[in-house]
Amino acid sequence: MTAIALTIAGSDSGGGAGIQADLKTFSALGVYGASVITAITAQNTKGVTAIENLSPSMISAQIDAVLSDIDVAAIKIGMVSAVAAIESIANGLRGWDRALVVDPVMVATSGDRLLEPGAIDALRQVLFPRATLATPNLAEAALLTGRPVAGDAAEMARQAELLLAFGPSAVLIKGGHGSGPESSDLLCDGKTHEWFSSPRIATNNDHGTGCTLASAITAELAKGEILADAVAHAKDYVTSAMLAGSELKVGRGRGPVHHFHRWW
């Protein structure tokens, strides 16, 4: 059978993050990708200059069109910047019982804030309880928990536990924007804490790493992997994409990772 994943996220006109990164990742990992666009961003490697949200009715129509026809095995939710969009997605996924990865995209790599403040509560209360996995980065975990950005393993674990209280089956706090010689992500399901570490890569081409990791996990879940293995394989993929991406010459700011490094 064909493994199929769906991304519900915003469009990055620069091609390095959002819907574009998700679909590239799905394809690179051997998964057919469908998409629901929630917002359009005017964006390049230097930052975000404009955001326009799609209407809740259009988001719902896209979800209905995909799920009524295509046998989707896993879904990733990325940038949803408005309360109405979050509620529309939740309604569209009512009855959904397969893998759901919620990547709470709040701040771009450039530092631009992408989530309206009023949407944070809706994200926690409406989407997190439905999630198989929530994948905030360090800054997003801090915003969601109301705590300072985690500076050590103990604080990451504390915030993971707090995030579990919002209802996801598991939480992965992504440590890529931290410091130190290793980039360490923490997977917590309320019973165990599992760390996934790789050498920190010194590169200016790291735009879209969070989107790429979350969509790689979604792709692996769509292929039937258990969660811990999906995270491990996704981590390896992103590390390789970052290493290869160091050689890409795209734009004048923070460039993308190389999603198709295995082919060119």
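Our subject is the structure that appears above.
Residues numbered from 1 in each chain as written. Predicted model: local features only at pLDDT ≥ 70, side-chain atom pairs only at ≥ 80, totals over all residues. Heavy atoms only, no water.

## What to know about the nonpolar core
Line of reasoning, step 1. Of all hydrophobic cores here, the largest spans 42 residues; its most connected members are Ile 8, Ile 77, Ile 89, Leu 123 and Leu 127.
Line of reasoning, step 2. Beyond its immediate sequence surroundings of up to four residues, Ile 89 is in contact with Ile 8, Thr 38, Ile 59, Ile 63, Ile 77, Val 80 and Leu 127.
Line of reasoning, step 3. Counting 31 residues, the second-largest nonpolar core is a separate cluster that includes Leu 133, Ala 170, Ala 216 and Val 257. (Core = buried A, V, L, I, M, F, W, Y, C linked by side-chain atoms within 4.5 Å. Buried < 20%, exposed > 50% of the residue type's maximum accessible area, 1.4 Å probe, protein only. Contact = heavy atoms within 4.5 Å.)

## Structural notes on the side chain of Thr 25
Line of reasoning, step 1. In this fold, Thr 25 is placed in helix α1 (residues 18-28).
Line of reasoning, step 2. Its relative accessible area of 0% is what places Thr 25 among the buried residues.
Line of reasoning, step 3. A polar side-chain atom of Thr 25 sits 3.5 Å from a polar atom in the side chain of Ser 215.
Line of reasoning, step 4. Those residues within four positions of Thr 25 in sequence are excluded, and the remaining contacts are Thr 212, Ser 215, Ala 216, Tyr 237 and His 259. (Helix = DSSP H or I, 4+ residues; strand = E, 2+ residues; numbered from the N terminus. Polar contact = N/O pair within 3.5 Å; in protein donor to acceptor, adjacent residues only side chain to side chain.)

## Remarks on helix α8 (residues 227-245)
Line of reasoning, step 1. The end-to-end C-alpha separation of α8 is 26 Å, in line with the 27 Å expected for 19 residues at 1.5 Å each.
Line of reasoning, step 2. Residues of α8 that are buried include every one of Ala 230, Val 231, Ala 234, Lys 235, Tyr 237, Val 238, Thr 239, Ala 241, Met 242 and Gly 245, and no others.
Line of reasoning, step 3. In this structure, the buried side of α8 is in contact with α1, β7 (171-173), β8 (182-188), β9 (193-199) and α7 (209-222). (Expected span 1.5 Å × (residues − 1).)

On their own, these measurements won't tell you what the molecule is for.
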